[in-house]
Amino acid sequence: MPSWQSAIFAGVSRLARPRSAGAETDIAELRRQFTYLSDRFGAAPQDAAFEPVQLGPIKGEWVRVEESVPGRLILYFHGGGYIAGSPESHRPLVARLCKAAEASAFSVAYRLAPEFAFPAGVRDGIDAYRHLIAKNLHPKSIVLAGDAAGGGLAFAVLLAIRNAGLPMPAGCVAMSPWADLTLSGWSILTNEKNDAAMAWDLLFVAARHYLKKTSPADPYASPIFANFRDFPPIMVHAGSMEVLRDDASRIGDRAAEAGVPVSVEIYDGMQHVFQANQHVPEARVSLGRLGQFIRAKTSEALREPLPQAAFSAAKQSAE
């Protein structure tokens, strides 16, 4: 049974839910509708430090907290329907994940649609990863992560990493990932009235801006249509009340079919990216579980001498 705090949070979110979107809705209004979601994140932890940097051609920022262990890195992709959001808008969520994981993060400022359509975000993600490992950061000390569209992008970048023959990271985690731009999940319909944060029409219009003329079933746009062969371990969390619930479940199906270790956790009564509210008990549990997963999957690499020196080298190269 969901907590009373989460019930209040859902009620407030429902009152602020974006209006319907259509082909006539301009990009500024669409971005405003996505921005209200990141406005729920609250304040970042007081000890969090944010440093705008550029890794090669890719802009973003380092995120560090007191608990950050040198060498353990989260490569993070923010949500926003591929048309909105930024590392700055997601600072509170990323910093809280860093605290739970005892990690630092590089939050990627990937290019957004409609100015930069698919596959610009995927290219930015793999370029950021290439730069990190080129500086001798141990691949097994890196975990890809993201929320909503950023969660789907994390899996698309993972697919690109594998297909490029690059060494795979230690794992991939996602919160409420949007991994099916065809919007074919059954929960799109069954949770239409339950989801206090997201709506089918907003997702549909955002997808059209991102994809242009590309098929929404392209595996780099919708990773649920990819083969997950040779992927690293995966953990995905979603809420039972959100329209994207089935995207999380189907990621689990693809991973299981490929024999990839996977944990999909659907939190009863929770909404889209419920981890946004630090006062909701389920958010703390979810971030704690994700952090535990990241620590466990990177622990072996941290026993080697390479990552700490490599992290310093990567930082110096970005300054």
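Just above, that's the structure.
For clarity, every value in this text was computed on a predicted model and none was experimentally measured. Counting restarts for each chain, with residues numbered from 1 along the sequence as it is written. Local features are withheld for residues below a pLDDT of 70 in this predicted model, meaning they are given only at 70 or higher, and side-chain atom pairs are given and counted only at 80 or more; totals for whole chains, interfaces and linings count all residues. With hydrogens and water set aside, each side-chain value is computed from the structure's full complement of heavy atoms.

Colleague: A description of the packing of aromatic side chains should follow, citing residues and the corresponding values.
Modeller: Any pair of Phe, Tyr and Trp rings, taking the six-membered ring for Trp, is counted once the centres come within 6.5 Å. Such a pair is stacked with planes under 30 degrees apart, edge-to-face with planes over 60 apart, and tilted for the rest. One pass over the structure, following the stated rule, counts nine aromatic pairs. Judged by centre distance (5.4 Å) and plane angle (65°), the ring pair of Trp62 and Phe106 falls under edge-to-face. Here Trp62, found in strand β2 (residues 58–64), pairs with Phe106, found in strand β4 (residues 104–108); they are 44 residues apart in sequence, far enough to count as distant. Residue Trp62 is classed as buried on the basis of its relative accessible area of 0%. Burial status follows relative accessibility: with a 1.4 Å probe on protein chains alone, a residue under 20% of its type maximum counts as buried, one over 50% as exposed, and anything between as partly exposed. Residue class for Phe106 comes out buried when judged on its relative accessible area of 0%. Taking 3.9 Å as the distance between ring centres and 5° as the angle between the ring planes, the aromatic pair formed by Tyr82 and Tyr210 counts as stacked. In this pair, Tyr82 sits in the loop between β3 (73–77) and α3 (91–101) while Tyr210 sits in helix α7 (residues 200–211), placing the two residues 128 residues apart along the sequence. Given a relative accessible area of 2%, Tyr82 falls into the buried group. Under the DSSP-based scheme used, a helix requires at least four consecutive residues in state H or I and a strand at least two consecutive residues in state E, with every element numbered from the N terminus.

Colleague: Before we move on, can you summarise the layout of surface pockets with the specific residues and values?
Modeller: Empty space among the atoms becomes apparent when a probe as large as a water molecule is rolled across them. What the largest pocket holds in volume is close to 200 Å³. Each cavity reported here is a set of points on a 1 Å grid over the protein atoms alone in which a 1.4 Å probe fits but cannot get out, each pocket an open set with protein on both sides within 12 Å along at least five of seven lines, and each lining residue one with an atom within 4 Å of a point. Forming the boundary of the largest pocket are 23 residues, of which Phe34, Leu37, Gly79, Gly80 and His90 lie nearest the centre. Here the lining of the largest pocket gets four residues from one element, more than from any other, and that element is helix α2 (residues 27–38). Throughout this entry, Asp, Glu, Lys and Arg are counted as charged residues, while Ala, Val, Leu, Ile, Met, Phe, Trp, Tyr, Cys and Pro are counted as nonpolar. The remaining residues, Gly among them, count as polar. Each residue belonging to the lining of the largest pocket can be placed in one class, and the counts come to 11 nonpolar, 10 polar and two charged. Grid points are joined across faces, edges and corners, and a volume is the space filled by probe spheres set on the points.

Colleague: Tell me about α2, and name the residues and values.
Modeller: A rise of 1.5 Å per residue sets the reference length of α2, with its 12 residues, at 16 Å; its end C-alpha atoms lie 17 Å apart and thus fit the reference within 8%. Among the residues of α2, those classed as buried are Glu29, Leu30, Gln33, Phe34, Tyr36, Leu37 and Ser38. Here a polar contact is taken to be a pair of N or O atoms separated by no more than 3.5 Å, where protein atoms must pair a possible hydrogen donor with a possible acceptor and residues adjacent in sequence count only if both atoms sit in side chains. Between the side-chain oxygen of the N-cap and the backbone nitrogen of Ala28 there are 3.2 Å, and the N-cap of α2 in question is Asp26. Here, expected helix span is obtained from the residue count minus one, scaled by 1.5 Å.

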